[in-house]
Amino acid sequence: MFGKKNSSLWIAALLFVSNGSTFASHGQNASPTPTPAQPPAPVLVSPATGASLVQPISLSWNAPPSTVGPIGSYTWQVSTSSTFTVVTASGFTNQEADPSIPIRTSDKVSGLANGTYFWRVKASESTNNGGVDSAWSTSRSFVVTGLGPAPATPTITTPANNAQFHLRESFNIQWSSVVNAQYYLLEADNEPTFSYPLNLTLSPIYFGTQSGAIWGNSAHRLL
């Protein structure tokens, strides 16, 4: 009888240890959340390596194939060094609110001093866990030689010259578009020399050809 009791206790202890070992093994083998695959880097298209250019300079690249989600943005950098230790200029293009509109794979840069520059681009994919960046593209160089020709002068189309409005009456200011214009500056004042302070400068930069306005003084002039 004594021998039987020892045998039963030994078997119970063995089963307990065996079950505990199995539980620990399952905990160690739990799979972590996989890291999303990095998308390929974009491929630069233009300008050609070493091209001599006047500003503004158009940058363009090819979209890489996506891996885990749609590409949500591109980021570009310009530097005087091929190692990009100091970034002279940078910018980005984002996905439009309408998903049917493809994200732009081009942009423009200006405001650079004459000299040699290097540029590169990377893509960022949108996933359920956030964004996944590609590696930077292979860089290219270009040479800035000066400024391009000045753009044409836009023409104000609305309101008409000498138009009159009631106090606090709202209206639109519209002007003609200019080929290759990056943005427009709008100024309004109550005297023809446009000396500061200006009376109607809600936003210094416009990327379209229209601005809203409200008269608050007796007379204004537009430029």
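All of these numbers come straight from a predicted model, not from anything done at the bench.

Within the element layout of this structure, Ser124 appears in strand E7 (residues 115–127). Among the polar contacts listed, one links the side chain of Ser124 to the side chain of Asp133, at a separation of 3.0 Å.

Moving on, we come to the confidence of the model for the protein chain. A residue-level look at the protein chain finds 74% of positions with pLDDT of 70 or above and a mean pLDDT of 78. Confidence scores differ between elements of the protein chain, with helix H1 (residues 2–28) showing the lowest mean pLDDT of 43 and strand E1 (residues 43–46) the highest of 96. When the criterion is pLDDT under 50, residues 217–221 qualifies, and its contacts beyond four places in sequence or with other chains add up to 15 contacts.

Residue placement: Val87 occurs in strand E5 (residues 87–94). When the C-alpha positions of Val87 and Gln77 are compared, they lie 6.5 Å apart, and in sequence the two are ten residues distant. If near-sequence neighbours (up to four positions away) are discounted, Val87 is found in contact with Gln77, Val78 and Ser79.

Under the definition given, this model contains one salt bridge. Asp133 serves as the salt-bridge partner of Lys122, at 3.4 Å between the closest nitrogen and oxygen. Linking Lys122 in strand E7 with Asp133 in strand E8 (residues 130–133), this pair joins segments that are eleven residues apart in sequence. Residue classification places Asp133 among the partly exposed residues on the basis of a relative accessible area of 35%.

A grouping of Tyr183, Leu185, Ile205 and Phe207 is seen on the molecular surface, where their side chains present a nonpolar patch of about 450 Å² in accessible area. Relative to the helices and strands, Leu185 is located in the loop between strand E11 (170–175) and strand E12 (188–189). By relative accessible area, Leu185 is classed as exposed at 60%.

Spatially, the three strands line up as an open sheet ordered E1-E3-E6, and their pairing is antiparallel. For this open sheet the edge positions go to E1 and strand E6 (106–109), each flanked by a neighbour on one side alone. If you compare each strand with its neighbour and ignore which way they point, the axes differ by 35° on average. Where E1 meets strand E3 (residues 57–62), three bridges bridge the pair, whose relative direction is antiparallel. Across the sheet, Val43 pairs through a bridge with Asn62, a residue of E3.

A cis amide bond, omega 0°, links Gln55 with the succeeding residue Pro56. Considering the arrangement of structural elements, one finds Pro56 in the loop between strand E2 (51–55) and E3. The peptide bond linking Thr158 to Pro159 adopts the cis configuration, its omega dihedral lying at 5°. Relative to the assigned elements, Pro159 resides in the loop between strand E10 (156–158) and E11. The backbone of Phe84 shows a phi angle near 55°, a positive value even though the residue is not glycine. Residue placement: Phe84 occurs in the loop between strand E4 (71–79) and E5.

With that settled, consider the environment of Gly91. On the secondary structure map, Gly91 appears in strand E5. On the basis of relative accessibility, which here comes to 13%, the residue Gly91 falls in the buried class. For the pair Gly91 and Asp107, spaced 16 residues apart in sequence, the C-alpha separation works out to 8.1 Å.

Cut-off values and rules
- Residues numbered from 1 in each chain as written.
- Predicted model: local features only at pLDDT ≥ 70, side-chain atom pairs only at ≥ 80, totals over all residues.
- Heavy atoms only, no water.
- Helix = DSSP H or I, 4+ residues; strand = E, 2+ residues; numbered from the N terminus.
- Polar contact = N/O pair within 3.5 Å; in protein donor to acceptor, adjacent residues only side chain to side chain.
- pLDDT = per-residue confidence, 0-100.
- Contact = heavy atoms within 4.5 Å.
- Salt bridge = Lys/Arg side-chain N within 4 Å of Asp/Glu carboxyl O.
- Buried < 20%, exposed > 50% of the residue type's maximum accessible area, 1.4 Å probe, protein only.
- Patch = residues over 30% accessible without salt bridge, like charges linked within 9 Å, V, L, I, M, F, W, Y side chains within 5 Å.
- Areas by Shrake-Rupley, 256 points an atom, 1.4 Å probe, with all protein chains shown as cover.
- Pairing = 2+ DSSP bridges.
- Axes fitted to C-alpha atoms, helices over the stretch in contact; angles between N-to-C directions.

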